[in-house]
Amino acid sequence: MRSVNLKVNGISHQFVVDEERVLLDLLREDLRLTGAKQSCDRKGQCGACTVIVNGKTVRSCLTKVGTLEGAEILTVEGLGTPDNPHLIQEAFVLAGAIQCGYCTPGLIMSTKALLDGNPNPDRKEIKGALKRNLCRCTGYQRIIEAVELAGRFLRGEAKPGDLQGDANAAQIGVSHTRPWSLLKACGAAEFSADIRVPGALELAVVRSPHHHARLKGIDYQDAQKMPGVVGVMTAKDIKGTNSIGVAAQDQPLLCDDVLPALGAAVAIVAARTKKEAQAAAEAVRVEYEVLPRMKTPEEAVAEGAPEIHPGTPNLCHSRRQIKGDADAALDSSAAVVSGEFYSQLIHQAPLEPEAAVAYMEGEGEDAQLVVIGRSIWIHFHAQVLQNALGWGNIRYQEAFTGGQFGIKVDITSEGIAAAAALHFHQPVRYIPSLKESLLMTTKRHPFRMQVRLGADAKGKLTGLAMDFTVENGAYMSIGPEVINRALGMLSGGYNIPNVQAEGKLVYTNNAWGGAARGAGPPQANFALESAMDLLAAKVGMDPYEFRRINVLQPGQSVSSGYVAEEWAFNACLERLKPEYERAVQDARNFKSGSLRRGVGLAGSSFGIGDPGDTSHVAVELDPDGGLTVYCSVADPGEGNDAMLVQIAAHLMDLPRNKIRLVTRDTEKTPDSGVSAGSRQTYMSGRSMAMAIEALKSALKEVGGDTHADLVKAGKPTRYLAGHTLPHTGMDPETGQGQVWGSFCHGVQMAEVEVDMETGEVRILKMTAVVDPGTVINPVAVASQLEGGMDMGAGMALREEYVHGETVDWATYKFPTMNTTFDMETILLESPRKDGPLGATGVGEFTLVPTHPAIINAIDNAAGVRICELPATPAKILAGLKAD
Ligand code: FES
Ligand code: FES
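Rules and cut-offs
Residues numbered from 1 in each chain as written. Chains lettered and ligands numbered in written order. Predicted model: local features only at pLDDT ≥ 70, side-chain atom pairs only at ≥ 80, totals over all residues. Heavy atoms only, no water. Helix = DSSP H or I, 4+ residues; strand = E, 2+ residues; numbered from the N terminus. Rg over C-alpha atoms; globule rule 2.2 N^0.38 Å. Buried < 20%, exposed > 50% of the residue type's maximum accessible area, 1.4 Å probe, protein only. Contact = heavy atoms within 4.5 Å. Areas by Shrake-Rupley, 256 points an atom, 1.4 Å probe, with all protein chains shown as cover. Lys, Arg positive; Asp, Glu negative; His and termini not counted. Charge placed at Lys NZ, Arg CZ, Asp CG, Glu CD. 1 Å grid on protein atoms, 1.4 Å probe; cavity = no way out; pocket = protein on both sides within 12 Å on 5 of 7 lines; lining within 4 Å. Points joined across faces, edges and corners; volume = space filled by probe spheres on them. Nonpolar A, V, L, I, M, F, W, Y, C, P; charged D, E, K, R; others polar. Core = buried A, V, L, I, M, F, W, Y, C linked by side-chain atoms within 4.5 Å. Pairing = 2+ DSSP bridges. Axes fitted to C-alpha atoms, helices over the stretch in contact; angles between N-to-C directions. Parallel < 35°, antiparallel > 145°, perpendicular 65-115°, else oblique. Left-handed = near helix turned anticlockwise from the far one by under 90°. Salt bridge = Lys/Arg side-chain N within 4 Å of Asp/Glu carboxyl O. Phe/Tyr/Trp six-rings, centres within 6.5 Å; stacked < 30°, edge-to-face > 60°. Disulfide = S-S within 2.5 Å. Right-handed = clockwise from strand over helix to strand, strands pointing away.

## Concerning the overall build of the protein
1) Next: The helix and strand tally for the protein stands at 25 helices and 30 strands.
2) Next: Over its C-alpha atoms the protein spans a radius of gyration of 27 Å, differing by no more than 12% from the 29 Å that the globule rule assigns to 883 residues.
3) Next: Projected onto the principal axes, the alpha-carbon positions of the protein cover approximately 80 × 70 × 70 Å.
4) Next: The buried share of the protein, reckoned over its 883 residues, is 63%.
5) Next: Contacts in the protein between residues far apart in sequence, at least 24 positions, make up 79% of those at least 6 positions apart.
6) Next: In the form shown here, the protein has an accessible surface area of approximately 30,900 Å², with 49% of it arising from carbon and sulfur atoms.
7) Next: In the protein, the 85 positive side-chain charges and the 104 negative ones have mean positions that sit 4 Å from each other.

## Focus: empty space enclosed by the protein
1) Next: Following the criterion strictly, the structure yields 9 cavities of 30 Å³ or more and no others.
2) Next: In this structure, the largest cavity spans a volume of roughly 530 Å³.
3) Next: Around the largest cavity sit 36 residues that line it, and E638, N640, Q784, V842 and G843 are the ones nearest its centre.
4) Next: Looking at the lining of the largest cavity, the elements that each hand over two or more residues are α20 (640-652), α21 (680-702) and α23 (778-797).
5) Next: Here the lining of the largest cavity takes 4 residues from α20, the largest share from any one element.
6) Next: Partitioned by chemical class, the residues of the lining of the largest cavity number 13 nonpolar, 19 polar and 4 charged.
7) Next: If you add up the space inside the second largest cavity, you get close to 160 Å³.

## Regarding the nonpolar core
1) Next: F92, L369, F468, V752, W809, I854 and I858 are the most contacted members of the largest nonpolar core, which totals 214 residues.
2) Next: Ignoring anything within four residues of it in the chain, the contact list for W809 reads S39, C40, Q45, C46, L134, H347, A349, P350, L351, L434 and F814.
3) Next: With 30 residues, the next largest nonpolar core counts A648, M652, I692 and L710 among its residues.

## Points about the sheet that holds strand β13 (residues 285-290)
1) Next: Taken in spatial order, the 3 strands of this open sheet run β11-β7-β13, and their pairing is antiparallel. A strand with exactly one partner marks an edge of an open sheet, and here the two such strands are β11 (258-259) and β13.
2) Next: In this structure, strand β7 (residues 213-219) lies alongside β13, joined through 6 bridges in antiparallel fashion. Residue pairing across strands places I218 opposite V286, the latter belonging to β13.

## Notes on the packing of α23 against helix α24 (residues 850-862)
1) Next: Packing of α23 against α24 brings their axes to within 7 Å, and their N-to-C directions diverge by 50 degrees. By the angle class used here, α23 and α24 are oblique. For α23 against α24, the interelement crossing comes out right-handed. Seen from α23, the contacting residues are G788, M789, G792, A793, M795, A796 and L797; seen from α24, they are T850, H851, I854, I855 and I858.
2) Next: Residue composition of the contact of α23 with α24, grouped by class: 8 nonpolar, 4 polar and no charged.

## A look at unusual backbone geometry
1) Next: Note the cis peptide between L869 and P870, where omega equals -5 degrees.
2) Next: If you trace the backbone, P870 turns up in the loop between α24 and α25 (873-882).
3) Next: Unusually for a residue other than glycine, R32 sits at a positive phi of about 55 degrees.
4) Next: If you trace the backbone, R32 turns up in the loop between α1 (23-30) and β3 (50-53).

## What about the pattern of salt bridges?
1) Next: What the rule picks out here adds up to 51 salt bridges.
2) Next: Ionic pairing is found between E202 and R429, a salt bridge with its closest N-O pair at 2.8 Å. Here the residue E202 occupies a position in strand β6 (residues 201-207), and R429 occupies one in strand β19 (residues 428-430), the gap between them amounting to 227 residues.
3) Next: Residue E202 is classed as buried on the basis of its relative accessible area, which comes to 10%.
4) Next: Linked through salt bridges whose partners overlap, the residues forming this network are E352, E354, R374, K408 and E414.

## Some details on the layout of surface pockets
1) Next: Of the voids in this model, the largest pocket is the one considered here, and its volume is about 1,100 Å³.
2) Next: What lines the largest pocket is a set of 36 residues, among which R21, D25, E29, R42 and K274 lie closest to the centre.
3) Next: Broken down by secondary-structure element, the contributors of at least two residues to the lining of the largest pocket are α1 and α10 (274-283).
4) Next: The residue makeup of the lining of the largest pocket, split by class, is 13 nonpolar, 6 polar and 17 charged.

## Focus on the packing of aromatic side chains
1) Next: Tallied over the entire structure, the rule returns 12 aromatic pairs.
2) Next: Look at Y102 and F191: their rings are 5.2 Å apart centre to centre, the planes differ by 80 degrees, and that puts the pair in the edge-to-face class. On the criterion of sequence distance, the pair formed by Y102 in the loop between α3 (87-94) and α4 (104-117) and F191 in the loop between α8 (181-185) and β6 is long-range, its members being 89 residues apart.
3) Next: When its relative accessible area of 2% is taken as the criterion, F191 is described as buried.
4) Next: With a centroid separation of 5.3 Å and an interplanar angle of 10 degrees, the aromatic rings of F447 and F468 are classed as stacked. Here F447, found in strand β20 (residues 447-455), pairs with F468, found in strand β21 (residues 461-473); they are 21 residues apart in sequence, far enough to count as distant.

## Describing the packing of helix α17 (residues 521-539) against α24
1) Next: One way to put it is that α17 packs onto α24 with a least axis distance of 8 Å and a crossing angle of 30 degrees. Considering the angle they form, α17 stands roughly parallel to α24. Here α17 runs over α24; the crossing is right-handed. Across from P522, N525, F526, E529, S530 and D533 in α17, the residues of α24 making contact are H851, P852, I855 and N856.
2) Next: When grouped by side-chain class, the residues that make up the contact of α17 with α24 number 4 nonpolar, 4 polar and 2 charged.

## Brief notes about the sheet that holds strand β15 (residues 335-343)
1) Next: With mixed pairing, the 5 strands of this open sheet are ordered in space as β14-β22-β21-β20-β15. Strands with a single pairing partner mark the edges of an open sheet, and in this sheet they are β14 (315-323) and β15. This sheet shows a mean twist of 5 degrees between the axes of neighbouring strands, independent of strand direction.
2) Next: The sheet contact formed by β14 and strand β22 (residues 498-507) spans 8 bridges and is antiparallel. The partner of R319 across the bridge, within β22, is G503.
3) Next: With respect to the sheet, helix α16 (residues 479-488) is in contact with β14, β20, β21 and β22, its orientation differing from that of β14 by roughly 15 degrees.

## Side note on the pairing of β7
1) Next: The pairing of β7 with β11 spans 2 bridges and is antiparallel. In the sheet register, R214 faces β11, and the bridge partner there is V258.

## Some points on the environment of A48
1) Next: Of note, A48 is situated in the loop between α1 and β3.
2) Next: The class of A48 is buried, set by a relative accessible area of 1%.

## Regarding the side chain of S594
1) Next: Its location among the elements puts S594 in the loop between α19 (569-589) and β23 (595-608).
2) Next: Residue class for S594 comes out buried when judged on its relative accessible area of 18%.
3) Next: Excluding residues that lie within four positions of it along the chain, S594 makes contacts with V754, D755, M756 and E757.

## Quick word on the state of the cysteines
What is meant by a disulfide is a covalent connection between two cysteines, made through their sulfur atoms.
1) Next: Throughout the structure, instances matching the rule amount to 0 disulfides.
2) Next: This cysteine, C631, is not joined by any disulfide, and C100 carries the nearest cysteine sulfur, 19 Å off.

## Notes on the pairing of strand β26 (residues 659-663)
1) Next: Burial along β26 is one-sided: the face carrying I659, L661 and T663 is buried and the face carrying R660 and V662 is not.
2) Next: Examined bridge by bridge, strand β25 (residues 627-631) and β26 share 5 bridges and lie parallel to one another. Bridge pairing in β26 places Y630 opposite V662.
3) Next: Each parallel crossover has a hand, and the one from β25 via α20 to β26 is right-handed.

The following block contains the structure:
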């Protein structure tokens, strides 16, 4: 132990700490300053914990408090508060650089240190100063712009007021700032690990070290007696079904028999401190019978392969799609290309680990189990947990959430926390490491796809045949839905008269797939858009022109047979034409040593609104004339809160500060469904508009316009509305039917540079032309596109989850500040029929065309066709050598 004197945010403190105490713990645990976050496992990889010590940035997770005698420490809370923000915090808000906001405090502190030393940095200097700060949401472009804007503010060249806009400006089509972004910029937004429940026990989980094993026995007698340990629980302590899942409840919260995947949970240890819990978890002795691991779908469906879930075949789902006669069309086509394509296992990589807290409120059988976690589907998750735990009274509250990209369609840590709080009857916190979070979460499904695509002598598409095998991994999650989604958008934006496809889903003993931005179409679109370029070359047409002549027209049908009434894809392609011609010329004119440049295109018409999808939203007219919106619409960074506020303000003709959101609490908010599938604007925005319509009708009926008028007339002040999409979806035999309520259309163009000696690829620019219906908030839409393109670039070039090897942010390489590239987004607007004010969703479309556009650009630059993602330098060099 030693005594240390230091100043934090201008206040002097004396601490007595042990030698190992790090600054991050001192700030978060002792001083309750939770602005500094932890994403990596204290390995210096994420920068979320960045603070300033004596004028210089440090990663507080690596900084021993004992070395800080006399130091002056500045955290994001000391920089400014929501009532009195610092100019840098305002710049981040106004530049639209904050989505989930988990990375934001660290980035702001890095910016502060940079601008203190260099008031007018150029882009290279900005990238250099912020290169240790990861962000998964934004694509970094707006972060760089925020730093530049902060510099202008600090140099007195601009004021926040110049950008804050006119209070009387329109509510729709204007980039108003998001409701909580200032809170996030000031470190005041509370994420799950920031929520302090007095007396909460810390949890650790015993997990299987095997990919496939049978549990033979657990001995926790010694662990139970270790210091600080309150208890150990196993599957036998769970009173309910002990099963969670989405399409099938095939995942035990705690396993008691077969453990089908690395990291499957076996036991929970509760202790006074995390260290004590972890020490005891390591002391739990588990006897396993190691079973053969089925590593690939081929092994899993081989003759004699054991069933991973006894009673369910490893080939657990398949679906066909038949439109016309693809075989006959391909046999008689003037040109046909064929190939096999593979898209890899990918982690969604939200920066926030899977933290959750839980506690019992009340006593006895009436007690309520309260869960606070990262769910984007609180009503469904509460219901699944009720069944799994055998406890009917569960309330789920979603905290601020550090990104998710679909990962929280499934229950993870909250299941563990809820089970422990119920069993031990004490509040608990479960804050797993990143390594553990990687083990417990879903991934993007790998697809292996065999494709044939044909065209006639004029280049018109004739037929598509695509068979694909989807590796489901150890649990079902949303597996069948991924196949349905891939089939439902199979023909993209194009008119393909004949289609024959089949998707097969196969269990293996690997990490399991789940919702992951787009979930199915990004994988299938890689094969389709690669084949489009191959076929364009075969018929001797420019890839742009080939796409243009094959665009689906209203009145023609997509691969599921649905006849399109509107199809904005063509307008997007037309709008891209001058950019494409410029880019092709630039690439042709470029010559520099071993470097070659190329241009690639890809598009997508992305479906939104599943058959039977339902959402409910309520609104209440407040006594002061404001409006409260009640809904369970999660917003882990997409901008759903801004969407709700702006639509409500527009429809009610109110200033935005009169719109109050009550969201994400099963006790207070109706079920608005999951914040996935890009559905919330289209579904919940519309439900809210319907509820407002009902309120306005009531006001009209009483001839008034206030809360008091309604009360006086005996009318309710609160109105609930819900709607359900009527279409029934695909026929199970033919895959034909109306699959979606709405579409988002767009095309993207990649400009890349390939080093022919090293195989390295540098993305120079991505250009996206998108029509998402009516644009509610242009910056919110553009920043979704930028983040999606960055994620798509990761999928194209570097991301791959490797079992047993991917354990942190060094072994899972997603894009960083160093790999960022120029992005241009061009928004077109053609209002959609059923969307609120004509809007639809855009959040997932954003990466669907990105990786194929990049892969097509690599081929254009270097003459190397990459069929297996990611396009690593080694694969490109191998392709060059093969020529
Ligand atoms: S938590 Fe400190 S760098 Fe990641
Ligand atoms: S806004 Fe950067 S990680 Fe989400």
